Amino acid sequence: MSTISPLRDFVTDFTRLYDRGLSPAAIQAQGADLLRRLVQHDNWLPEPFTRPNPARYSQYLLHCDPLERFSVVSFVWGAGQKTPLHDHRVWGLIGMLRGRESETQFARDPDGTFRAIETTFLEPGQVASLTPGVNDYHLVANALPDQTSISIHVYGDNIGGVARATYDVATGAEKTFISGYSSEEVPNLWDRSRRAEAA
């Protein structure tokens, strides 16, 4: 039976990292271990947060910390969907839940243009990280041509409200955006009645 308790436990444990007064780097490092544990299993994500949009990838909010210190998002990629080149301006973690994702990292040259550095692939259960000033420019795509892929992202802010930018690779032209989210709903992490019914 599908249960949301792994996500609830993840949110609780991630909140405790902040409560311990850790540095952002330590939160990201220890949070990567928590996310790796979460994406080892694929039976907890509620179905409404797995639905692809035929027009573009979807970004569903799963949880935002009440103080907006971090947010948890499911990215749902329809076949062949991809992002433009973009940044984040906050640290991030990406955990692969279903399918396969490609990530192409870019470096910005002194003239403002971009060049691709490398493309890597994320498989289910694997986790990657992003850090501003280190590896914050990338383009992400569903690496599967005929099926949906889903990744779980954690960011060091309410990512749907952060002013970020997309970039033209050839010219370096920058366009500011605030992503928002693909749904008005978030999953109910705190209804424990399903667990009682299952028992």
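Structure report, in brief.

The rules behind each value
- Residues numbered from 1 in each chain as written.
- Predicted model: local features only at pLDDT ≥ 70, side-chain atom pairs only at ≥ 80, totals over all residues.
- Heavy atoms only, no water.
- Buried < 20%, exposed > 50% of the residue type's maximum accessible area, 1.4 Å probe, protein only.
- Helix = DSSP H or I, 4+ residues; strand = E, 2+ residues; numbered from the N terminus.
- Pairing = 2+ DSSP bridges.
- Contact = heavy atoms within 4.5 Å.
- Expected span 1.5 Å × (residues − 1).
- Core = buried A, V, L, I, M, F, W, Y, C linked by side-chain atoms within 4.5 Å.
- Phe/Tyr/Trp six-rings, centres within 6.5 Å; stacked < 30°, edge-to-face > 60°.
- Lys NZ or Arg CZ within 6 Å of the ring centre and 35° of its normal.

**Regarding the pairing of strand β2 (residues 71–77)**
Where burial is concerned, most of β2 is hidden: seven out of the seven residues are buried. Both faces of β2 are covered, namely the face carrying S71, V73, F75 and W77 and the face carrying V72, S74 and V76. Here strand β1 (residues 58–64) runs beside β2; their pairing, made up of six bridges, is antiparallel. Looking across to β2, one finds that H63 is bridged to V72. In sequence, β1 turns back onto β2 through a hairpin of six residues, with E68 there showing a positive phi of about 60 degrees.

**Structural notes on the side chain of H63**
Looking at the element boundaries, H63 is found in strand β1. According to the relative accessible area criterion, H63 is buried, its value standing at 13%. Once you skip the residues sitting within four places of it in the chain, H63 turns out to touch V11, F70, S71, V72 and L189.

**With respect to helix α1 (residues 5–19)**
Look at α1: 21 Å from first C-alpha to last across 15 residues, which is about the 21 Å you get at 1.5 Å a residue. The set of residues buried in α1 consists of S5, L7, R8, F10, V11, F14, L17 and Y18. Positive phi shows up at G21, right after α1, with a value of about 75 degrees.

**Let's talk about the side chain of T83**
Along the chain, the position of T83 falls in the loop between β2 and β3 (92–98). Residue class for T83 comes out buried when judged on its relative accessible area of 5%.

**Notes on the environment of I27**
Secondary-structure assignment places I27 in helix α2 (residues 24–38). Residue class for I27 comes out buried when judged on its relative accessible area of 3%. When the C-alpha atoms of I27 and S193 are compared, they prove to be 31 Å apart, with 166 residues separating the residues in sequence. Once residues lying within four places of it in the same chain are set aside, the contact partners of I27 are F14, L17, Y18, L22 and W91.

**So, the nonpolar core**
One finds L7, F10, F14, L35, I152 and V154 to be the most contacted residues of the largest nonpolar core, which totals 29 residues. Sorting the residues of this core by element identifies α1, α2, β1, β2, β3 and β8 (149–155) as the ones contributing at least two each. When neighbours within four sequence positions are excluded, V154 is seen to be in contact with F10, F14, L35, F70, S71, V72, W91, G92 and L93.

**Overview of the packing of aromatic side chains**
Across all of its chains, the model carries twelve aromatic pairs by this definition. Their ring planes at 40 degrees and their centres at 6.4 Å tell us that F14 and Y18 sit as a pair that is tilted. Residue F14 and its partner Y18 are located together in helix α1, separated by four residues, close to a single helical turn. As far as burial versus exposure is concerned, F14 and Y18 are alike and both buried. Here the aromatic rings of F75 and W77 are separated by 5.9 Å at their centres, their planes lie at 25 degrees, and the arrangement is stacked. For F75, a relative accessible area of 5% gives the class buried. On the basis of relative accessible area, W77 is assigned to the buried category, the value being 1%. Here the basic side chain of R56 rests over the ring of Y57, its NZ or CZ set 4.6 Å away from the ring centre. In this arrangement the basic side chain of R100 is found over the ring face of F121, its NZ or CZ atom lying 4.1 Å from the centre.

Scope: geometric values only; no functional claims are made or implied.
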